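Understanding the architecture of this molecule
What follows is the residue order along each chain.
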Amino acid sequence: MKDRAYKVGQIVWADYTSEQADSLKEFYKEVAGWKEHPIKMQDADGEYHDYAMLREDNEVAGGICYKRGVNRDIPSQWIMYIFAPDVDERLDKVLALGGKLIHSNKGKDGKYNFIIVEDPAGAVFGIGRMQ
């Protein structure tokens with residue numbers, strides 16, 4: 001993916017996490033015309049691949065991931081991610097406004113890289129700093 005200047009609030013990514021990543025990758029290759037870029041992953045059960053899905057111009061369209069490792073608790077659905085450089089602050093706002101934290105990932109600096117939250121009506125989305 002090319003370096004980009006993201007704007008706060010911009011939808012910057014979409015992931016689908018499932019126990020059927022291989023078959024879903026094939027489904028979206030046919031339906032959307034995407035191609036796969038395997039990303040080597042590892043968890044306690046061994047190695048596997050998640051997939052960045054590429055458009056025909058080789059730009060990333062999104063990701064299809066296994067419900068394993070760091071993705072184990074992510075709901076099986078397409079999740080859009082909204083850019084925010086201050087994910088910790090955004091989580092505070094989500095919680096204060098009646099939302100729920102579903103999943104999170106912290107960086108080595110101790111701050112959140114991304115979170116997946118549920119809004120007060122039950123819609124699920126992510127917020128990330130895209131590092």
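Before reading further, recall that the structure is shown in the block above.
For the structure given in this document, a descriptive report is provided here.

Cut-offs applied
Residues numbered from 1 in each chain as written. Predicted model: local features only at pLDDT ≥ 70, side-chain atom pairs only at ≥ 80, totals over all residues. Heavy atoms only, no water. Core = buried A, V, L, I, M, F, W, Y, C linked by side-chain atoms within 4.5 Å. Buried < 20%, exposed > 50% of the residue type's maximum accessible area, 1.4 Å probe, protein only. Helix = DSSP H or I, 4+ residues; strand = E, 2+ residues; numbered from the N terminus. Contact = heavy atoms within 4.5 Å. Phe/Tyr/Trp six-rings, centres within 6.5 Å; stacked < 30°, edge-to-face > 60°. Lys NZ or Arg CZ within 6 Å of the ring centre and 35° of its normal. Pairing = 2+ DSSP bridges. Axes fitted to C-alpha atoms, helices over the stretch in contact; angles between N-to-C directions. Arc of directions from axis to C-beta.

Core analysis: the biggest nonpolar cluster contains 12 residues, these being Tyr-6, Val-12, Trp-13, Leu-54, Val-60, Ile-74, Ile-79, Tyr-81, Phe-83, Phe-114, Ile-116 and Val-124. Of all elements in the fold, only strand 1 (11–18), strand 5 (78–83) and strand 7 (112–118) reach the threshold of two or more residues within this core. No other element matches strand 5, which puts three residues into this core. Sequence-distant contacts of Ile-79, that is, excluding residues within four places in its chain, are made with Trp-13, Ala-14, Asp-15, Ile-74, Ile-116, Val-124, Phe-125 and Gly-126.

A few words on the packing of aromatic side chains. Per the counting criterion, the structure on display carries nine aromatic pairs. Considering the side-chain rings of Phe-27 and Tyr-28, the 5.0 Å spacing of their centres and the 85 degrees angle between planes classify their relative orientation as edge-to-face. Classification of Tyr-28 as buried rests on a relative accessible area of 17%. Residues Tyr-81 and Phe-114 carry aromatic rings whose centres are separated by 5.9 Å and whose planes lie at 85 degrees to one another, so their mutual orientation is edge-to-face. Note that Tyr-81 is positioned in strand 5 and Phe-114 in strand 7, a separation of 33 residues in sequence. Neither residue differs from the other here; Tyr-81 and Phe-114 are each classed as buried. Each member of the aromatic cluster is reached from another via a ring pair, and the members are Tyr-16, Phe-27, Tyr-28, Trp-34 and Trp-78. The ring of Tyr-112 is capped by Lys-106, whose NZ or CZ atom sits 4.9 Å from the centre of that ring.

What follows concerns the sheet that holds strand 2 (residues 35–43). One open sheet holds the eight strands; their spatial order is 2-3-4-1-5-8-7-6, and the pairing between them is mixed. Strand pairing shows two members of the sheet lacking a second neighbour, strand 2 and strand 6 (100–106), which therefore form its edges. Between one strand axis and the next, the sheet turns through 25 degrees on average, direction left out of account. Relative to strand 8 (residues 124–128), strand 5 runs parallel, the two sharing three bridges. Note that in strand 8 the partner of Phe-83 across the bridge is Gly-128. Helix 1 (residues 21–32) contacts strand 1, strand 2, strand 3 (46–54), strand 4 (60–66) and strand 5 of the sheet and is inclined by roughly 155 degrees relative to strand 4.

Attention now goes to the pairing of strand 2. Bridging between strand 2 and strand 3 involves nine bridges; their strand directions are antiparallel. Each residue of the ladder has a partner; that of Ile-39, found in strand 3, is Asp-50. Once strand 2 ends, the chain turns through two residues before running back antiparallel as strand 3.

Here the focus is helix 2 (residues 87–96). Of all the positions in helix 2, only Val-87, Leu-91 and Val-94 are classed as buried. For helix 2, the angular spread of the buried residues around the axis is 60 degrees, confining them to a single face. Opposite the buried face of helix 2, by more than 90 degrees, sit the exposed residues Asp-92 and Ala-96. Those residues of helix 2 hidden inside the fold are in contact with strand 6, strand 7 and strand 8.

As far as function goes, none of this settles anything; it's purely spatial.
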